[in-house]
Amino acid sequence: MTSSYTKRIDKRKFDELRPIKAEVGIIPNADGSALFAFGETVAIAAVYGPKPLHPAHMQNPERGIVRCNYNMLPFSVTERAKPGPNRRSKEISMVAGNALASVIDLERFPGTVIDVEIMILQANASTRCAGINAAAMALAQAGVVMKELVSSVSIGKIDDKIVQDVIKDEEDWEEGEGATDIAFTMTSVTKEITHLQLDGRIQTNRFMEAVEAAKNACEKIHQYQIRALKGEKIDETK
Amino acid sequence: MNREFNEDNEERTEMNENNYSEESYDTKKERKLVVPGEVIEEGDDYLPGDFTRKEGNKVIANRYGLVEHNGRVIKIIPISGVFEPRRGNNVIGRVEDITFSGWMMDIGGPYSAFLPLMECPRFINRNNIDEFAGIGDIMAVKIAGVKKGGIDLTLKFRGLGVLEDGRLIKINPHKVPRVIGKEGSMINLIKDSTKTEINVGQNGYIWIKGDLAGENKAEEAIQLIVRESISSGLTEKIEKFLGGKE
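Here the structure is a predicted model, which means the values were calculated and not measured.

Each value, and the rule that gives it
- Residues numbered from 1 in each chain as written.
- Chains lettered and ligands numbered in written order.
- Predicted model: local features only at pLDDT ≥ 70, side-chain atom pairs only at ≥ 80, totals over all residues.
- Heavy atoms only, no water.
- Helix = DSSP H or I, 4+ residues; strand = E, 2+ residues; numbered from the N terminus.
- Rg over C-alpha atoms; globule rule 2.2 N^0.38 Å.
- Contact = heavy atoms within 4.5 Å.
- Areas by Shrake-Rupley, 256 points an atom, 1.4 Å probe, with all protein chains shown as cover.
- Domains from an automatic or database assignment.
- Buried area = accessible area lost by both parts, 1.4 Å probe.
- Salt bridge = Lys/Arg side-chain N within 4 Å of Asp/Glu carboxyl O.
- Polar contact = N/O pair within 3.5 Å; in protein donor to acceptor, adjacent residues only side chain to side chain.
- Buried < 20%, exposed > 50% of the residue type's maximum accessible area, 1.4 Å probe, protein only.
- Axes fitted to C-alpha atoms, helices over the stretch in contact; angles between N-to-C directions.
- Left-handed = near helix turned anticlockwise from the far one by under 90°.
- Nonpolar A, V, L, I, M, F, W, Y, C, P; charged D, E, K, R; others polar.
- Arc of directions from axis to C-beta.
- Pairing = 2+ DSSP bridges.

A. Quick look at the overall build of chain A. Looking only at helices and strands, one finds four helices and 10 strands in chain A. Seen in sequence order, chain A has helices and strands lined up from the N terminus as β-β-β-β-α-β-α-β-β-α-β-β-α-β. Computed over its C-alpha atoms, the radius of gyration of chain A comes to 18 Å, within 12% of the 18 Å expected for a compact globule of 238 residues. Each of the three principal axes of chain A carries a C-alpha extent, and together these read 60 × 40 × 35 Å. The contacts in chain A between residues at least 6 apart in sequence include a share of 68% that link residues at least 24 apart. Counting only carbon and sulfur atoms, one obtains 51% of the accessible surface of chain A, whose full area is about 10,800 Å².

Structure (structure tokens):
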């Protein structure tokens, strides 16, 4: 059977990311902040804390907690997004918080909270991945003690092709085997998975291919994160 | 677990002091900026210090900051992040709440701080605590102790007490040494040329009192130091800035 998806819609290679934008320190008032963009998907993140946690019943006497808030701004999509939390954003906030918390040394400040705010300025798929990448950079810049960074990427199976960094038009692909997209977050050095969400159907052997693709893509993203944290303003979109 | 870690660290410092005479290690390496997870140095010659860990023979960063080699020990000097309270720190705080036995104060950092009535050097009527300091008042205090989930403050040292009037600004606590300068040279420069009183807390809270123009000028100068803290010739820049208007 011949594949219907021979070339990517935006003419990228199957293992190519969109042009990346990355910068830290974009919000002077925050303890740490960063911007991360995959092409048209732009996310900013701000980190506050560790700071005292109220209400007190949420405090954990053994460790600090990470309180993550993911939100898409009303103008981030063509059809105005209703502001405020919804089912989707609450779920993403939770998984993003967990993805980040696994590398942070939370036992250092018991009973405190680290607030992570992720805002999506512009959306064209992979918003949670861009958000987590920005948040990881913001956490590092905020001087939070952490084992390593995390990097996040979406891997797609469009028809029978494994692709890196999915765009909206690919997510909507219907020919052949259709579209599957998998959001991965991996620790940047050891490449352990801290977050994985799968939307669609995929064969077991192809899934392992997707994991390998994610490792490859996360390494590329990690390099961008390091460069940005060392003071470089990365903008490949120009 | 925590205690073990500390003891371990102390041991390392001692070891370091003993080996300090061996000048075979490059102590004057340029300070490198590292990110969490980055391998700083490889080999058995190195020991992990503050904010680093050892995995196999690699010394790895646990925090964003500048690397400092001190003999065999490698540590990271943080350049960002919230104030981490230590016993003995002189800080500036704002009264957040008054309880029957003292003041709750905001001094930044991960925990709220408490100044007990007993730690106040003069007699205060228990029924009228806010006569000494009310909510919103600014005080210079010293950290008497940091315990799990709270900070204890004291006023029983010279130079501490309520700061009347003036304004409070907040900066990154890691920039405080730059604002003060060598033996207070920078802060004295600002004080003299703006004719203000300035009190810098180690928590990055700064209290300024003077006439309006002076306060504004001093605040701008401090913000300039914070922005340009890594550039060379900072003192000259500040001198030029302060001399500019007069």
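B. View of the domain arrangement of chain B. All names here are of chain B. When cut into domains, chain B gives domain 1 (33-78), domain 2 (85-163) and domain 3 (167-241). Summarising the inter-unit geometry, the C-alpha centres of domain 2 and domain 3 are found 24 Å apart. If you look at the interface, domain 2 gives 12 residues, while domain 3 gives nine residues. The junction of domain 2 with domain 3 conceals about 890 Å² of combined surface from both sides, 57% of it contributed by carbon and sulfur atoms. The interface formed by domain 2 and domain 3 includes one salt bridge. Across the pair D106 and K170 runs a salt bridge, and its minimum N-O distance is 3.9 Å. Applying the counting rule to domain 2 against domain 3 returns five residue pairs in polar contact (both at pLDDT 80 or more).

C. Spotlight on the pattern of salt bridges. Under the counting rule described, the total for this entry stands at 27 salt bridges over all chains. Among the salt bridges present, the one from R87 of chain A reaches E91 of chain A, with a minimum N-O distance of 3.1 Å. Here the residue R87 of chain A and the residue E91 of chain A both occupy positions in helix α1 (residues 87-101), the gap between them amounting to four residues, near one helical turn. Across the salt bridge formed by R86 of chain B and E84 of chain B, the nearest N and O atoms sit 3.9 Å from each other. You can call E84 of chain B buried: its relative accessible area is 18%. Several salt bridges converge on common partners, so that one network encompasses D10, R12, R18 and D165 of chain A.

D. Representation of the packing of helix α2 (residues 127-141) of chain A against helix α4 (residues 204-229) of chain A. Residues and elements named next belong to chain A. In the contact formed by α2 and α4, the axes pass within 10 Å of each other and the chain directions differ by 35°. Along this stretch, α2 crosses α4, giving a crossing that reads as right-handed. Taken together, the residues of α4 that come into contact with α2 (itself represented by N133, A136, M137, A140 and Q141) are I221, Q225, A228 and L229. Residue classes in the contact of α2 with α4 are distributed as six nonpolar, three polar and no charged.

E. How the structure looks around the environment of I107 of chain B. Residues and elements named next belong to chain B. Within the secondary structure layout, I107 lies in the loop between β9 (102-106) and β10 (113-116). Judged by relative accessible area, which is 0%, I107 ranks as buried. Along the chain, I107 and Q202 lie 95 residues apart, while their C-alpha atoms are 9.7 Å from each other. Leaving out residues up to four positions away in the same chain, I107 has contacts with F83, V91, I92, G93, A113, I143, I151, L153, N203 and Y205.

F. Region of interest: helix α3 (residues 185-194) of chain B. Residues and elements named next belong to chain B. Buried within α3 are the following residues: M186, I187, I190 and T194. For α3, the arc enclosing every buried residue in end-on projection is 95°, short of the 170-degree limit, so these residues lie on one face. Two residues or fewer after α3 comes K195, characterised by a positive phi angle close to 55°.

G. Highlighting the interface of chain B and chain A. With 22 residues of chain B at the contact, the number on the chain A side is 25 residues. Joining chain B to chain A, the criterion identifies two salt bridges. When the shortest N-O distance is used, the salt bridge between E84 of chain B and R108 of chain A registers 2.4 Å. The interface formed by chain B and chain A contains 11 residue pairs in polar contact (both at pLDDT 80 or more). In terms of residue class, the side of chain B that touches chain A is built from 11 nonpolar, six polar and five charged.

H. View of the pairing of β9 of chain B. Residues and elements named next belong to chain B. By the bridge criterion, five bridges tie strand β8 (residues 90-99) to β9 in an arrangement that is antiparallel. Looking at the pairing, T99 lines up with G102 of β9. The turn joining β8 and β9, which pair antiparallel and follow one another in sequence, is formed by two residues. Where β9 lies against β10, four bridges are found, and the strand directions are antiparallel. Its bridge partner lying in β10, W103 is registered against L115. Linking two consecutive strands that pair antiparallel, namely β9 and β10, is a turn of six residues; a positive phi of about 75° is found at G108 within it.

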